[in-house]
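Each chain, written out:
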Amino acid sequence: QVQLVESGGGLVQPGGSLRLSCAASGFTFSSYWMYWVRQAPGKGLEWVSSIKEGGEITYYADSVKGRFTISRDNAKNTLYMHMNSLTSEDTAVYYCAKDTGVPGVSADYWGQGTQVTVSS
C-alpha cells in the first residue's frame, strides 16, 4: 500500500529556514512526479511545488519561487523541500502527494501533513 509520511515541520521565526521530508513507500517512487501542497488556516489547498521523476524538472508557485527548493532522493524514496526566508504567510500544514500518472487526474495519495508555523 502507498504510504507518504511528512516530517520536519515546526516553529520558526520569520526569515528562518526549514527542511521538510516525505518518506514514500508502497510504489515505485522514481516513476512518479511528486508534489508539495499546503493548507493555511482557514484556507483551501494551495499547490506549492512539483518535481519530475528524475528531479530534472521542477515547478514552483510564484509565492515561493526563489525561496523554496524541491528535491528528491530516489535511492532513499524521499522527497524534500528546503524552505528559506520564511514569512508568516508560509504558515500552513504541508503535504506531499503522489501523481496519478493519468492525464487530467491529480494526486491520488497524500501524507498526513506536517505543521509549519512562522511566528516571532
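Quick notes on the rules
Residues numbered from 1 in each chain as written. Predicted model: local features only at pLDDT ≥ 70, side-chain atom pairs only at ≥ 80, totals over all residues. Heavy atoms only, no water. Phe/Tyr/Trp six-rings, centres within 6.5 Å; stacked < 30°, edge-to-face > 60°. Helix = DSSP H or I, 4+ residues; strand = E, 2+ residues; numbered from the N terminus. Buried < 20%, exposed > 50% of the residue type's maximum accessible area, 1.4 Å probe, protein only. Lys NZ or Arg CZ within 6 Å of the ring centre and 35° of its normal. Disulfide = S-S within 2.5 Å. Pairing = 2+ DSSP bridges. Axes fitted to C-alpha atoms, helices over the stretch in contact; angles between N-to-C directions. 1 Å grid on protein atoms, 1.4 Å probe; cavity = no way out; pocket = protein on both sides within 12 Å on 5 of 7 lines; lining within 4 Å. Points joined across faces, edges and corners; volume = space filled by probe spheres on them. Salt bridge = Lys/Arg side-chain N within 4 Å of Asp/Glu carboxyl O.

1. Topic: the packing of aromatic side chains
Then step 1. Tallied over the full model, the rule gives four aromatic pairs.
Then step 2. Summarising the aromatic geometry, the rings of Trp-33 and Tyr-59 are spaced 5.9 Å apart at their centres and angled 15° between planes, so their arrangement reads as stacked. Separated by 26 residues along the polypeptide, Trp-33 in the loop between strand 3 (18-25) and strand 4 (34-39) and Tyr-59 in strand 6 (residues 58-60) bring together distant segments of the chain.
Then step 3. What makes Trp-33 partly exposed here is its relative accessible area of 21%.
Then step 4. Judged by its relative accessible area of 46%, Tyr-59 is partly exposed.
Then step 5. Ring plane angle 85° and centroid distance 6.4 Å describe the contact between Tyr-95 and Trp-110, whose orientation is recorded as edge-to-face. In this pair, Tyr-95 sits in strand 9 (residues 92-98) while Trp-110 sits in strand 10 (residues 109-110), placing the two residues 15 residues apart along the sequence.
Then step 6. With a relative accessible area of 17%, Tyr-95 lands in the buried category.
Then step 7. These aromatic residues form a ring-pair network of at least three members: Phe-27, Phe-29 and Tyr-32.
Then step 8. The aromatic ring of Phe-29 is capped on one face by Arg-72, whose charged end is 4.3 Å from the ring centroid.
Then step 9. When the ring centre of Tyr-32 is taken as origin, the NZ or CZ atom of Lys-98, which lies over that ring, is 3.9 Å away.

2. Focus: the state of the cysteines
Then step 1. Using the criterion set out here, one finds one disulfide in the structure.
Then step 2. For Cys-22, the disulfide goes to Cys-96, at an S-S distance of 1.9 Å. Since a negative S-S torsion denotes a left-handed disulfide, the Cys-22-Cys-96 link at about 50° is right-handed. Placement of the pair is Cys-22 in strand 3 and Cys-96 in strand 9, with a sequence separation of 74 residues.
Then step 3. Residue classification places Cys-22 among the buried residues on the basis of a relative accessible area of 0%.
Then step 4. Since its relative accessible area comes to 0%, Cys-96 is described here as buried.

3. A word on the sheet that holds strand 7 (residues 68-73)
Then step 1. Reading across the sheet, the four strands line up as 1-3-8-7 and stay open at both edges, with antiparallel pairing between neighbours. Each edge of the open sheet carries a strand with a single partner, namely strand 1 (3-7) and strand 7. Neighbour to neighbour, the strand axes of the sheet diverge by 15° on average, direction disregarded.

4. Here we look at the layout of surface pockets
Then step 1. In this structure, the largest pocket occupies an estimated 160 Å³ of space.
Then step 2. Forming the walls of the largest pocket are 13 residues, and the residues nearest its centre are Arg-38, Ala-40, Glu-46, Glu-89 and Asp-90.

5. A short note on the pattern of salt bridges
Side chains that differ in sign of charge can pair as their charged atoms come close.
Then step 1. Taken as a whole, this structure holds seven salt bridges when the rule is applied.
Then step 2. The partner of Glu-46 in a salt bridge is Arg-38, and the shortest N-O contact between them spans 2.8 Å.
Then step 3. On the basis of relative accessible area, Glu-46 is assigned to the partly exposed category, the value being 32%.
Then step 4. For Arg-38, a relative accessible area of 6% gives the class buried.
Then step 5. Here the salt bridges do not stand alone but share partners, grouping Arg-38, Glu-46, Arg-67 and Asp-90 into one network.

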